[in-house]
Amino acid sequence: MGQRNRTEIHEKELSKVAQGAGTILLGKVLGNGIQYLYTVTIARILGVQYFGSFVLGVTVINVAGLIGRLGLDNGVIKYVSLYNGAGDPGRVKGAIVQSLKYSFVAS
């Protein structure tokens with residue numbers, strides 16, 4: 001493979017990465033904008049006192065969800081891709097089932 005082919009392949013891959021990053025950035029900006037509008041709307045509807053209670057409740061639910069996941073969402077991504085790449089469907093299923101069991105018990 002010549003240097004020119006490597007450079008062309010590298011440029012194509014870099015273009016794909018940049019396009020994906022731009023899509024993610026746009027999604028995050030839109031998501032944050034929608035969340036801001038949602039928060040302002042809820043604050044205006046509920047008022048100061050009830051909005052504080054609402055935010056406290058949402059925070060408690062978010063912390064409980066974080067504890068309930070136990071980091072298994074990232075672990076499943078790692079081990080399922082690893083076992084799938086090795087061609088071991090039994091271990092793929094086992095990783096998924098075990099993570100569901102642990103997160104169900106923790107939550």
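See above for the structure.
Owing to the predicted nature of the structure, the values given are computational and were not obtained by experimental measurement.

Next up on the list: helix H2 (residues 48-69). Along an α-helix, residues three or four positions apart point the same way, because every turn accommodates 3.6 residues. In this model, H2 (22 residues) spans 32 Å end to end at C-alpha, consistent with the 32 Å of a helix rising 1.5 Å per residue. Two residues or fewer after H2 comes Leu70, characterised by a positive phi angle close to 55 degrees.

Turning our attention to the environment of Leu56. Within the secondary structure layout, Leu56 lies in helix H2. On the basis of relative accessible area, Leu56 is assigned to the exposed category, the value being 57%.

Packed helix pairs are specified by the crossing angle of their axes together with the interaxial distance, meaning the distance between the axes. The interhelical angle for the contact between helix H3 (residues 72-85) and helix H4 (residues 89-106), taken along N-to-C directions, is 170 degrees, at an axis separation of 8 Å. Classed by the angle they form, the pair H3 and H4 counts as roughly antiparallel. Touching Leu72, Val76, Tyr79, Val80, Tyr83 and Asn84 of H3 are Arg91, Val92, Ala95, Ile96, Ser99, Tyr102 and Ser103, all from H4. Residues that form the contact of H3 with H4 fall into these classes: nine nonpolar, three polar and one charged.

Let us now look at the side chain of Ser99. Inspection of the secondary structure assignment puts Ser99 in helix H4. On the accessibility criterion, Ser99 (10% relative accessible area) is buried. Apart from the residues within four sequence positions on either side, Ser99 is in contact with Leu72 and Val76.

What follows covers H4. Its 18 residues place the ends of H4 26 Å apart at the C-alpha level, agreeing with the 26 Å of an ideal helix rising 1.5 Å per residue. Taken together, the buried positions of H4 are occupied by Val92, Ala95 and Ser99. One side of H4 holds all its buried residues, which, seen down the axis, span an arc of 60 degrees. Residues of H4 that are exposed and angled more than 90 degrees away from the buried face: Pro89, Gly90, Lys93, Leu100, Phe104 and Val105. On its buried side, H4 packs onto H3.

Nonpolar side chains collect at one region of the surface, where Ile45, Leu46 and Tyr50 lie side by side and expose about 340 Å² of accessible area between them. For Tyr50, a relative accessible area of 54% gives the class exposed.

Turning to the packing of aromatic side chains, a few remarks are in order. Applying the stated criterion across every chain, the model contains three aromatic pairs. Put simply, the rings of Tyr38, Phe51 and Phe54 pair up and form one aromatic cluster.

This part covers the environment of Gly68. Relative to the helices and strands, Gly68 is located in helix H2. Overall, Gly68 belongs to the buried group, its relative accessible area being 7%. In the structure, Gly68 is positioned 38 residues away from Ala106 in sequence and 5.1 Å away in space, judged by C-alpha atoms. In contact with Gly68, other than residues within four places in its own chain, are Ser103, Ala106 and Ser107.

Criteria and thresholds
- Residues numbered from 1 in each chain as written.
- Predicted model: local features only at pLDDT ≥ 70, side-chain atom pairs only at ≥ 80, totals over all residues.
- Heavy atoms only, no water.
- Helix = DSSP H or I, 4+ residues; strand = E, 2+ residues; numbered from the N terminus.
- Expected span 1.5 Å × (residues − 1).
- Buried < 20%, exposed > 50% of the residue type's maximum accessible area, 1.4 Å probe, protein only.
- Axes fitted to C-alpha atoms, helices over the stretch in contact; angles between N-to-C directions.
- Parallel < 35°, antiparallel > 145°, perpendicular 65-115°, else oblique.
- Contact = heavy atoms within 4.5 Å.
- Nonpolar A, V, L, I, M, F, W, Y, C, P; charged D, E, K, R; others polar.
- Arc of directions from axis to C-beta.
- Patch = residues over 30% accessible without salt bridge, like charges linked within 9 Å, V, L, I, M, F, W, Y side chains within 5 Å.
- Areas by Shrake-Rupley, 256 points an atom, 1.4 Å probe, with all protein chains shown as cover.
- Salt bridge = Lys/Arg side-chain N within 4 Å of Asp/Glu carboxyl O.
- Phe/Tyr/Trp six-rings, centres within 6.5 Å; stacked < 30°, edge-to-face > 60°.

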